[in-house]
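As a plain string of letters, each chain reads:
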Amino acid sequence: MIKRRTFLINTGLALGAIAIAPTFAFNSTKRAIGIQLWTLRDTLPKDVKGVLAQVGKAGFTEVETFGYAADKGFFGTSVKDFKLILDDNGLKATSNHFDFNSMIKDGSTDLVQNYIETANQLGSEYVTIPYIVSELRGTTGDDYKKLALQINKVGELCKAGGLKLAYHNHDFEFTKFGSTNGYEILLNETDKNLVDFEIDLYWAVRAGHNPLQLFKEHPGRFKMWHVKDMDKVNPEWNAEIGTGSIDFKAIFAQAELAGMKRFYLEHESNYKPNPIESAVTSFNYISKSLI
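For the structure given in this document, a descriptive report is provided here. (Residues numbered from 1 in each chain as written. Predicted model: local features only at pLDDT ≥ 70, side-chain atom pairs only at ≥ 80, totals over all residues. Heavy atoms only, no water.)

**A few points about the packing of helix α4 (residues 110-122) against helix α6 (residues 141-160)**
Our working definition: Between N-to-C directions, angles cover 0 to 180 degrees, with each direction set by a line fitted to C-alpha atoms, over the stretch in contact for helices. Only DSSP runs of H or I reaching four residues or more are called helices, and only runs of E reaching two or more are called strands; each is numbered from the N terminus. Should an angle fall under 35 degrees it is taken as roughly parallel, and over 145 as roughly antiparallel, whereas 65 to 115 is taken as roughly perpendicular and any remaining angle as oblique. Two helices crossing with the near one rotated counterclockwise from the far one by less than a right angle form a left-handed crossing, whereas a clockwise rotation gives a right-handed crossing. Between two residues, a contact is recorded if the distance between any of their heavy atoms is within 4.5 Å.
Between α4 and α6, whose axes approach to 10 Å, the crossing angle comes to 40 degrees. Put simply, α4 runs oblique to α6. Our pair here, α4 against α6, has a crossing hand that is right-handed. Contacts between α4 and α6 involve Val112, Gln113 and Ile116 from the former and Val154, Leu157 and Cys158 from the latter.

So, in structure tokens, the structure goes:
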């Protein structure tokens, strides 16, 4: 499973000049369909302009970014130019995955302020914590409580900067500590007024948890979702939405209880040779069957 922390710009199949037309016309009266750009991690760094054009043509209207670096912008594209490319393709970066590990390690807020400035320049609503490395999240329930305090501090900075903070999970947050687990600790110990949660439905299910139960226990906390399916044969693989084992119809039926305001399609592993075509297939299923 490829992780964001080990992201490498590797060789992948270039999109070239292939124009992918959506098989379902996007209905602007429906809830917007977003895409986490990590789905296109093999191609985006090599052709930012071309890949974002494909995303717009596919029918997406919102994106969630990854890969930002203070000295290089988005893969060598400045924040200003990245915003212009998004605008040209009818896209808005409503959320951004930024690396908070260094801030959590040394307590410096300089980088967080840079993230806030970047998100505001893009016109975003959210700054999102995507992944905490193992040595920083710790191995005990008390470690997760300390992590929650640090997350609250980031939330205060984001709120002061006119933004919202969200926390994105993988499966390790569900590690048990007695009668609870790391995810429950984060939900209970973070300030509802400062921290929202971007629940990754695949990782929650893979960790053995029912998202519907989480919605009931913590209503309104899950303002954003990552929507990716689980392969029916190998749970380590993703599947195009609607072809795997996750019951998204039941989950989307409880969007109001969860507090969901927006969601992002994501393919993280075992996607088809042409990632944008696979994303369009998932987009079409969501359009026709879930919203």
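Right, picking up where we left off after that structure.
**With respect to the environment of Lys92**
Using the following cut-off: Burial here depends on accessible area, computed with a 1.4 Å probe over protein chains only, as a share of the maximum for the residue type. Under 20% is buried, over 50% is exposed, and the range in between is partly exposed.
Residue placement: Lys92 occurs in strand β5 (residues 92-97). Its relative accessible area of 44% is what places Lys92 among the partly exposed residues. For Lys92 and Leu122, which are 30 residues apart along the polypeptide, the C-alpha to C-alpha distance reads 7.7 Å. When neighbours within four sequence positions are excluded, Lys92 is seen to be in contact with Thr61, Glu62, Val63 and Gly123.

**Comments concerning the packing of helix α1 (residues 48-58) against helix α2 (residues 79-88)**
The description of two helices packed together rests on the angle between their axes and the distance between the axes. Look at α1 against α2: their axes get within 9 Å of each other, and the N-to-C directions meet at 30 degrees. Relative to α2, the element α1 is oriented roughly parallel. Like other packed secondary-structure pairs, α1 and α2 cross with a definite hand, here right-handed. Along the contact surface, α1 presents Val48, Lys49 and Leu52, while α2 presents Phe82, Ile85 and Leu86.

**Description of the nonpolar core**
Definition in use: Throughout, nonpolar core names a set of buried Ala, Val, Leu, Ile, Met, Phe, Trp, Tyr and Cys residues whose side chains join them through atoms within 4.5 Å.
Membership of the largest hydrophobic core comes to 83 residues, with the highest contact counts inside it found for Phe60, Phe222 and Trp225. In terms of residues, this core owes the most to one element, α6, which gives 6 residues. With residues up to four places along the chain from it excluded, the contact list for Phe222 reads Tyr183, Leu187, Phe197, Ile199, Leu214, Phe215, Ala258, Gly259 and Met260.

**Digging into the pairing of strand β6 (residues 126-129)**
Note the following rule: Any two strands with at least two DSSP-identified bridges between them are counted as paired.
Residues Tyr126 and Thr128 line one face of β6 and the alternating positions Val127 and Ile129 line the opposite face, and both faces are buried. Looking at chain direction, β6 and strand β7 (residues 164-168) are connected through 4 bridges and run parallel. Paired with Ile129 across the bridge in β7 is Tyr167.

**Things to note about the environment of Ala160**
Relative to the assigned elements, Ala160 resides in helix α6. Residue Ala160 is classed as exposed on the basis of its relative accessible area, which comes to 71%. In sequence terms Ala160 and Phe248 are 88 residues apart; their C-alpha atoms lie 35 Å from each other.

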